[in-house]
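The lines below spell out each chain.
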Amino acid sequence: MGKKRCMHVLLWLIYIYIQCVLAGYWSWILTTSMLRRWLYHYELSSAIVRLVTLIFINWSCSAFISSHYGSDEPIWKWMTICLILLSSNILKLMFASSAKYHRKSDEGQSSHINHRSTAVKVLVLPFTLVVFLTMFASLHHVNTIRERSVELAHHKVEIPVATVHPELADAKVRVMVIIISAWTPKSLDKRRIFRETTLQLKPQDSDEVSYFYRFVIGEAPSEQVKLTMGPKVEEEMKTYKDVLILPTSDLYNDLSKKVYQSMVWADHWDFDYFMKTDDDIFLRWDTIAKEMAELGRQRRYWRGLSYWNIPPIRNNDNKNGELDYTLPIFPPYTAGALYILSRDVVHLIAGVGGPRMFVRNEDQNLGIWLFPYNIRPILDRRIQQIDVCEDDMIAKHFGDFGEADAIGGTMYDMLANLKAGRKMCTGFKSTVCGFCYPCYGKNNHWKDWNFECDNVKGVTLLKQPVWSVIN
């Protein structure tokens, strides 16, 4: 693969150099022919002024084209420059060529310009050569992309032998759960509520399924936070031994980096599934455990509330605004409230090396990381946001609502419902229709919010806005 890539890069470099030479040749032809005309009609000083002006125009056009395409698109840059020079030479040959601008021949006869012969030698032959090389290089490039795409689509990831974590019991299906949290006092309280409510639904490890979980936080965002929250976090770690501090930023805008570092850490351990959630999510650990046992070990597995063809929010005042991502839409991704990845998918993200792009939202970042491998998420509509409650949900977002009755109850109330044998959403507001659920009897329909749902692909926009690309 390394030799093929080197050969591919070498061919493109040769092609770019040929375009540079062709541009220089046509520029020289244009400059010398125009200089002959100017020397015939004007004084030497006037001809030099025109020559300098032509060179300045040439450089200015080249600089503008280079800045427009950028350093990462040299092919288009040189093709455009060559096209401009070709057009200029054609116009010069048609309107500004004459035998009187050329020196006399040895016999004293005036040189005769054969426009057809000159066009063939100066323009057509070089242009034909470059077009042929362009076709050859483009076909080779397309073939290389197809081969690489097929390899990625059918590539079987070889996962290195990893260490078995002592707290992850041996079972047919072993699930590592990462719960994203933070250094704030509110997050400290959320972790307490999480342990006292939804974590109580985590079944005991069995031969079928075993769980291992950690709350993940980054480094203290400031010395002040470390001074005020540090003792509390240390005491929490000593008491529960379930908080993991990773060497990454703990700021909200760097959430993608925190999730990525969680996967890097997890990739050192042996497990079957990776489950990511947040500290304000009520999880149905019991339901998920049964489904994982029935599913068994899988490869290239990715499940969650999936979205597709979603454009970025081009507003920096919005906390979910995205200006660093330049393309008009995001690849398919899953909501960050809960998603499940098989072991090989985690290794593709965190273990194969190479640069990683980071955008503000970690759920969309997951789609960017997995898009090259042609892995598509499996839609699970039972993962919804704060204002939705359905009895079959496996992940219910509570978040930070201002009023106590904003959604009809707390995580303690939801746990009490399940322990008492009641439906999960008893007493909770359930008049809002969740994405991809039937909306009969609800106060709204998700189509009213400009959303559409495909039963396979997931959630998308009913009417797309004008897509924008950031240069």
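This is a predicted model, so every value here is computed, not measured.

Conventions we followed
Residues numbered from 1 in each chain as written. Predicted model: local features only at pLDDT ≥ 70, side-chain atom pairs only at ≥ 80, totals over all residues. Heavy atoms only, no water. Helix = DSSP H or I, 4+ residues; strand = E, 2+ residues; numbered from the N terminus. Buried < 20%, exposed > 50% of the residue type's maximum accessible area, 1.4 Å probe, protein only. Contact = heavy atoms within 4.5 Å. Areas by Shrake-Rupley, 256 points an atom, 1.4 Å probe, with all protein chains shown as cover. Disulfide = S-S within 2.5 Å. Axes fitted to C-alpha atoms, helices over the stretch in contact; angles between N-to-C directions. Parallel < 35°, antiparallel > 145°, perpendicular 65-115°, else oblique. Left-handed = near helix turned anticlockwise from the far one by under 90°. Nonpolar A, V, L, I, M, F, W, Y, C, P; charged D, E, K, R; others polar. Pairing = 2+ DSSP bridges. Phe/Tyr/Trp six-rings, centres within 6.5 Å; stacked < 30°, edge-to-face > 60°. Lys NZ or Arg CZ within 6 Å of the ring centre and 35° of its normal. Core = buried A, V, L, I, M, F, W, Y, C linked by side-chain atoms within 4.5 Å. Patch = residues over 30% accessible without salt bridge, like charges linked within 9 Å, V, L, I, M, F, W, Y side chains within 5 Å. Salt bridge = Lys/Arg side-chain N within 4 Å of Asp/Glu carboxyl O. Polar contact = N/O pair within 3.5 Å; in protein donor to acceptor, adjacent residues only side chain to side chain.

Observations concerning the overall build of the protein
Across its full length, the protein carries 11 helices and 12 strands. Looking at the protein as a whole, 43% of its 471 residues are labelled buried. Of all intrachain contacts in the protein linking residues separated by at least 6 positions in sequence, the fraction that spans at least 24 positions is 74%. For the protein, the exposed surface amounts to about 25,900 Å²; the carbon and sulfur share of it is 59%.

Some words on the state of the cysteines
Summed over the entire model, instances satisfying the criterion amount to three disulfides. Each sulfur of the disulfide joining C389 and C425 lies 2.0 Å from the other. The chirality of the disulfide connecting C389 with C425 is left-handed, given an S-S dihedral of about -95°. Remark: C425 occurs in the loop between α11 (411-419) and β11 (451-454) and C389 occurs in the loop between β9 (383-384) and β10 (395-397); sequence separation between them is 36 residues. The exposure classification of C389 matches that of C425, with both residues buried. Paired by a disulfide, C436 and C453 hold their sulfur atoms 1.9 Å apart. Negative torsions about the S-S bond denote left-handed disulfides, and the value of about 100° found for C436 with C453 makes this one right-handed.

Let's talk about the packing of helix α5 (residues 185-196) against helix α6 (residues 223-240)
For the pair α5 and α6, interaxial distance at closest approach is 11 Å and the crossing angle is 15°. Classified by the interaxial angle, the pair formed by α5 and α6 is roughly parallel. Between α5 and α6 lies a crossing of left-handed hand. For the pair formed by α5 and α6, the contact residues are P185, L188, R191 and R195 on the first element and M229, K232, V233, E236 and Y240 on the second. Here the residues of the contact of α5 with α6 are counted per class, giving five nonpolar, no polar and four charged.

Observations concerning the sheet that holds β9
In spatial order, the strands read β5-β10-β9; together these three strands make up an open sheet with mixed pairing. Two strands in the sheet have a free side with no partner beyond their single neighbour: β5 (281-283) and β9. Where β5 lies against β10, three bridges are found, and the strand directions are antiparallel. Residue L283 lies in a different strand from β10, and its bridge partner there is A395. Sheet strands in contact with α11 are β5 and β10, and its direction is about 15° off that of β5.

Let's talk about the packing of aromatic side chains
When we look at a pair of aromatic rings, we describe it by the centre distance and by the angle of the planes. In total, this model carries 16 aromatic pairs according to the counting rule given. Aromatic pair F330 and Y333: ring centres 6.3 Å apart, planes at 80°, arrangement edge-to-face. Classification of F330 by relative accessible area gives buried; the value is 2%. Its relative accessible area of 6% is what places Y333 among the buried residues. The rings of Y307, Y325, F330, Y333, F435 and F451 are connected pair by pair, giving a single aromatic cluster. When the ring centre of F398 is taken as reference, the NZ or CZ atom of K396 above it lies at 5.8 Å. Here K457 stacks its cationic end above the ring of W308, 4.5 Å away from the centre of that ring.

Concerning the nonpolar core
Within the largest apolar cluster, 65 residues are counted, with the highest numbers of intra-cluster contacts made by V175, M275 and W285. Core analysis: the second largest hydrophobic core is formed by 31 residues, M176, W265, I349 and W369 among them.

A few points about a nonpolar patch on the surface
On the surface, L39, L44, I48 and V52 cluster together into a nonpolar patch covering about 370 Å² of accessible area. Broken down by element, the nonpolar patch gets its largest block of residues, three residues, from helix α2 (residues 44-69). You can see L39 is positioned in helix α1 (residues 2-41). In this structure L39 comes out as partly exposed when scored by relative accessible area, which is 45%.

Things to note about the side chain of T460
In this fold, T460 is placed in strand β12 (residues 458-461). A polar contact of 2.8 Å, which involves the side chain of T460, links it to the backbone oxygen of W308.

Thoughts on the pairing of β12
Within a regular strand, the side chains alternate between the two sheet faces. Across four bridges, β11 lies against β12 in antiparallel orientation. Paired with E452 across the bridge in β12 is T460. Connecting the antiparallel pair β11 and β12 is a turn made up of three residues.

Brief notes about the side chain of H347
Position of H347 relative to the elements: it lies in helix α9 (residues 343-350). Residue class for H347 comes out buried when judged on its relative accessible area of 6%.

Observations regarding the pattern of salt bridges
With the rule as written, the count across this model stands at 22 salt bridges. Of the charged contacts in the structure, one is a salt bridge between K276 and D278, with a shortest N-O distance of 2.9 Å. Of the two residues examined, K276 and D278, each falls in the buried class. Each of R174, D270, D272 and R297 takes part in one network of salt bridges that share partners.

Let's talk about the packing of helix α7 (residues 255-266) against α9
Helix-helix packing is described using two parameters, namely the angle between the two axes and the distance between the axes. Where α7 contacts α9, the axes come no closer than 9 Å and their chain directions differ by 115°. Handedness of the crossing formed by α7 with α9: left-handed. Only R343, V346, I349 and A350 of α9 make contact with α7, whose side of the interface consists of Y260, M263, V264 and A266.

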